[in-house]
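Per-entry structural report
Below, each chain spelled out in residue letters.
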Amino acid sequence: MAILATSLEWAVDFVQAHSDGDLFPKVLEVDAVAAEKAHFVGQIAGADLGNFPPGSCRRFIVPKDEISYRQATQLDPQDSIILSALIFQYGQQIEDLRLPATRVFSYRFKPTLPDGLYSSKTAWNNFWSAAAIHASRCAKVLYCDIADFYNQVYHHTVENQLISAGLPNQAVKWIVSLLESTTAGVSRGVPVGPHPIHLIAEATLVPVDNSLVAAGVKFIRYADDIIVFCKSDKEAKTALSTIATVLDKQQRLTLQRHKTRYYAPDDFRRLCGQMIEDRPINSDEKSLLALITKYSGGNPYKTISFSQVSTDDWAAISPESIRRVIEEYIASDPVDYIRLRWFYRRLAQIGHPGAIEVSLDHLDELGPCFANICFYLASVQSVSPVDWKRVGSMLLKLLRAPEVKSSEYFRLLVLSLFSRNEHINHFARLHKLFQSSDAFVRREVILAARVNGALDWVRELKEAYPSMDPWQQRAMLFAIAGLAKDERKYFIGRQTVARPFEKSLAKWAKGA
């Protein structure tokens, strides 16, 4: 079995366009390897997958809301591309095992480069809209949530389901070895973050879905949320017992106690209305969303460039109106962080700078949205270099804030902004962080050095290259590309570069 060249080519383009997940900054080196796509693909296409053991992933604790956290994983970029290629090549075989999309709404496989691996960007809203309709026709609704689902998935279940889907043995073994590499050899848990993992997780719930259908349970599901529509209180209690039994017998999964509950139909329909994402909190948000929809065509993931927006429409978005939206969310009790994160994602589509000041002013209250704020800042357009310099000063102050100092993930997000915008140039201050910081901070400082033109400092790091971890070494290969051609060729020629991704990155660096 081998990965097809066309699958790898698609995967390189996919990871370049959509990053390797929604929780981490884009790996800049992917752009360099994409420029050497034929060279990279030629090393892997048709070869034995066993020649490409998984590399080192990165794991961080990421906030979900005010009090809960989850562990998120960023895969080695080569692994991210290979996994994406495998899912692109064989994903339809997994999809064919699943119940219809009218029953299971989450992560339906239909890969396109503009939209990614999955078909519907409105699946969440469709799920809750369908739930409201079903609720109007029943006497009791049971809402269930599988406890800590991604962390509880057995690798043996993954293996069985991939075999059932007809994936070749070599592909199954590689995927399972990748999962084991992210869990330190423990045979349970799939990484939170990478796009392709969603379909793998969905595959493990196929036996659960089939068992519930066989038991006559009338339900719909989105990922780990299961909603059951019952004719009576007694039927709802029976359904709960059935679901608990199936989850336990299939995978030793359990239900989350504080989220699993019964609803009267009217109460549940009100909940459905609250879960629909397109619920502007005030007229300012409604107007802003209408403008974004005008240019995005309703695609919540489409990026809109400044040049596409008319002068009048851009002027119609005021910092004051954005501030009112964010401050009204913050003033709510409780704060709807799910909806607020969604609002920041919409702002990132258009990249308007109006939320910079209010976001940094209220960072204490916006902790659960911090990742979205950083991605928003990275998307901002039409800001003068002088203003960016001032934003950079504010970001550096954030590094001293207690909530940022205590979170590796927050520090990564803040520092990543300096390596993605040449105008946020405070390299002299970043330089001071290098020796006393964690490896992931040193990587971001190396990348920022390339963007900020601190190439003489990069030269000083060449002797330390062999002792760097793989993530720093890739950053060094990326940064070295800014040195004189003969110097970088000589340096790269003296290094041992073994893996296809690094070989293509080195080739790009020599010729950059």
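Now for a quick tour of the structure. (Residues numbered from 1 in each chain as written. Predicted model: local features only at pLDDT ≥ 70, side-chain atom pairs only at ≥ 80, totals over all residues. Heavy atoms only, no water.)

**Regarding the overall build of the protein chain**
Along the protein chain, the regular secondary structure elements total 27 helices and eight strands. For 512 residues, the compact-globule estimate of 2.2 N^0.38 gives 24 Å, and the C-alpha radius of gyration of the protein chain, at 24 Å, lies within 12% of that figure. With respect to the principal axes defined by its C-alpha atoms, the protein chain has extents near 75 × 60 × 40 Å. Among the 512 residues that make up the protein chain, the fraction classed as buried is 54%. Per element, the accessible surface of the protein chain, about 21,800 Å² overall, is 51% carbon and sulfur. Of note, the protein chain has its 60 positive side-chain charges centred 2 Å away from the centre of its 56 negative side-chain charges. (Helix = DSSP H or I, 4+ residues; strand = E, 2+ residues; numbered from the N terminus. Rg over C-alpha atoms; globule rule 2.2 N^0.38 Å. Buried < 20%, exposed > 50% of the residue type's maximum accessible area, 1.4 Å probe, protein only. Areas by Shrake-Rupley, 256 points an atom, 1.4 Å probe, with all protein chains shown as cover. Lys, Arg positive; Asp, Glu negative; His and termini not counted. Charge placed at Lys NZ, Arg CZ, Asp CG, Glu CD.)

**As for the sheet that holds strand S6 (residues 219-222)**
Pairing between the strands of a sheet comes from backbone hydrogen bonds, and it takes one of two forms, parallel or antiparallel. One open sheet accounts for four strands, arranged S6-S7-S5-S8; its pairing is antiparallel. The sheet terminates laterally at S6 and strand S8 (261-263), the two strands that pair on one side only. Averaged over all adjacent pairs, the angle separating strand axes in this sheet is 20°, with direction ignored. Relative to strand S7 (residues 225-230), strand S5 (residues 140-145) is paired through six bridges, and the arrangement is antiparallel. Directly across from Lys140, in S7, lies its bridge partner Cys230. (Pairing = 2+ DSSP bridges. Axes fitted to C-alpha atoms, helices over the stretch in contact; angles between N-to-C directions.)

**Focus on a positive patch on the surface**
Residues Lys397, Arg400, Arg429 and Lys432 make up a contiguous surface patch of positive charge. Here Lys432 shows up in the loop between helix H22 (427-431) and helix H23 (439-451). (Patch = residues over 30% accessible without salt bridge, like charges linked within 9 Å, V, L, I, M, F, W, Y side chains within 5 Å. Salt bridge = Lys/Arg side-chain N within 4 Å of Asp/Glu carboxyl O.)

**As for the packing of helix H10 (residues 206-214) against helix H11 (residues 233-251)**
Two elements in contact, H10 and H11, have axes whose closest approach is 10 Å; the angle formed by their N-to-C orientations is 140°. The hand of the H10/H11 crossing is right-handed. Listed contacts from H11 to Pro207, Val208, Ser211 and Leu212 of H10 are Thr242, Ile243, Val246, Leu247, Gln250 and Gln251. Partitioned by chemical class, the residues of the contact of H10 with H11 number six nonpolar, four polar and no charged. (Left-handed = near helix turned anticlockwise from the far one by under 90°. Contact = heavy atoms within 4.5 Å. Nonpolar A, V, L, I, M, F, W, Y, C, P; charged D, E, K, R; others polar.)

**Re the pattern of salt bridges**
Once the charged atoms of two side chains with opposite charge are near each other, the side chains can pair. With the rule as written, the count across this model stands at 31 salt bridges. The partner of Arg499 in a salt bridge is Asp79, and the shortest N-O contact between them spans 3.7 Å. Taken together, the residues Arg499 in the loop between helix H26 (485-493) and helix H27 (500-511) and Asp79 in helix H4 (residues 77-95) connect sequence positions 420 residues apart. Look at Asp79 and you get buried, because its relative accessible area is 1%. Residues Arg339 and Glu285 are paired through a salt bridge, measuring 2.2 Å at the closest nitrogen-oxygen approach. Of the two residues, Arg339 is situated in helix H16 (residues 337-350) and Glu285 in helix H13 (residues 283-296); the sequence distance between them amounts to 54 residues.

**Here's the deal with the side chain of Asp145**
Counting through the fold element by element, Asp145 comes out in strand S5. At 4.2 Å, Lys259 is the nearest oppositely charged side chain to Asp145, a buried residue that forms no salt bridge. Polar side-chain contacts of Asp145 include one of 2.6 Å to the side chain of Gln256. Among all residues touching Asp145, those that are not within four sequence positions of it are Asp224, Asp225, Thr254, Leu255, Gln256, Lys259 and Thr260. (Polar contact = N/O pair within 3.5 Å; in protein donor to acceptor, adjacent residues only side chain to side chain.)

**Some words on the packing of aromatic side chains**
All chains considered together, the criterion is met by 29 aromatic pairs. A ring pair is formed by Phe60 and Phe440, whose centres lie 5.5 Å apart and whose planes are at 85°; its orientation type is edge-to-face. Pair noted here: Phe60 is in strand S1 (residues 58-63) and Phe440 is in helix H23, with a separation of 380 residues, a long-range link. The two residues Phe60 and Phe440 agree in class, both being buried. Taken together, the ring pairs in this structure connect Phe105, Tyr107, Tyr118, Trp124, Phe127, Trp128, Tyr143, Tyr222, Tyr263 and Phe268 into an aromatic cluster. (Phe/Tyr/Trp six-rings, centres within 6.5 Å; stacked < 30°, edge-to-face > 60°.)

**Side note on the packing of helix H18 (residues 370-379) against helix H21 (residues 408-418)**
Helix packing for two helices is described by the angle between their axes and how far apart those axes are. At their nearest, the axes of H18 and H21 sit 9 Å apart, and the two run at 5° to each other. Taken together, H18 and H21 sit at an angle that is classed as roughly parallel. The segment H18 lies against H21, with Phe370, Ala371, Cys374, Phe375, Leu377 and Ala378 engaging Tyr409, Phe410, Leu413, Val414 and Leu417. Taken together, the residues of the contact of H18 with H21 sort by class into 11 nonpolar, no polar and no charged. (Parallel < 35°, antiparallel > 145°, perpendicular 65-115°, else oblique.)

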